[in-house]
Amino acid sequence: MANDQYGEDTQSGVGVKEKLTYPSMYKVLLLNDDFTPMDFVVFVLKKFFNKTEEEAHDIMLKVHSEGVGIAGIYPFEIAEMKSAQVNTYAKEHEHPLKSVIEKE
Ligand code: TYC
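Below: a short report on this structure. (Residues numbered from 1 in each chain as written. Predicted model: local features only at pLDDT ≥ 70, side-chain atom pairs only at ≥ 80, totals over all residues. Heavy atoms only, no water.)

### Considerations on the sheet that holds strand 2 (residues 68-75)
Right, on to step 1. The strand order across the open sheet built from three strands is 2-1-3, with neighbouring strands paired in antiparallel fashion. In this open sheet, the two edge strands, each paired with only one partner strand, are strand 2 and strand 3 (98-103). The mean inter-strand angle of the sheet, taken between neighbouring strand axes irrespective of direction, is 30 degrees.
Right, on to step 2. In terms of strand pairing, strand 1 (residues 25-31) meets strand 3 through six bridges, oriented antiparallel. The residue of strand 3 that forms the bridge with Tyr-26 is Lys-103.
Right, on to step 3. Packed onto the sheet, helix 1 (residues 38-49) meets strand 1 and strand 2 and runs at close to 10 degrees relative to strand 2.
Right, on to step 4. Contacts from helix 3 (residues 76-92) reach strand 1, strand 2 and strand 3, with the element oriented near 165 degrees to strand 3. (Pairing = 2+ DSSP bridges. Helix = DSSP H or I, 4+ residues; strand = E, 2+ residues; numbered from the N terminus. Axes fitted to C-alpha atoms, helices over the stretch in contact; angles between N-to-C directions. Contact = heavy atoms within 4.5 Å.)

### What about the pattern of salt bridges?
Any two side chains of opposite charge can pair, on the condition that their charged atoms come close.
Right, on to step 1. Within this structure, the stated rule accounts for three salt bridges.
Right, on to step 2. We note a salt bridge from Lys-27 to Glu-102, for which the minimum N-O separation is 3.2 Å. With Lys-27 in strand 1 and Glu-102 in strand 3, this pair connects stretches of sequence that are 75 residues apart.
Right, on to step 3. Classification of Lys-27 by relative accessible area gives buried; the value is 18%.
Right, on to step 4. Its salt-bridge partner being Glu-66, residue Lys-62 comes within 2.9 Å of it at the nearest N-O pair. Of the two residues, Lys-62 and Glu-66 both sit in helix 2 (residues 53-66), four residues apart, roughly one turn of that helix. (Salt bridge = Lys/Arg side-chain N within 4 Å of Asp/Glu carboxyl O. Buried < 20%, exposed > 50% of the residue type's maximum accessible area, 1.4 Å probe, protein only.)

This is a description of form; function is not addressed.
The following block contains the structure:
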């Protein structure tokens, strides 16, 4: 075995096809409903998706008028966690706000 200056094996990888892929990304979507207060949706977008007041307000209005909108786009585990956090938080506050994830 031949090692380079970093102690890495430089020989036995011969013939092994190296393939690096990027993680698939998932959209975290917010769904409209008739009852969740607009201020609560804006608060959620700031709290869980690090949006500014203005960004959060724009997204909330888009969801309100079009039925669905993108809160953020993340690798699967992160998207799943944020979506679950929103659903748990909304439930705790007795609002019907729902989030789902969708492969980009
Ligand atoms: N439609 C709600 C209302 O009129 C506001 C709202 C916006 C609810 C976005 C959910 O994801 C949502 N109070």
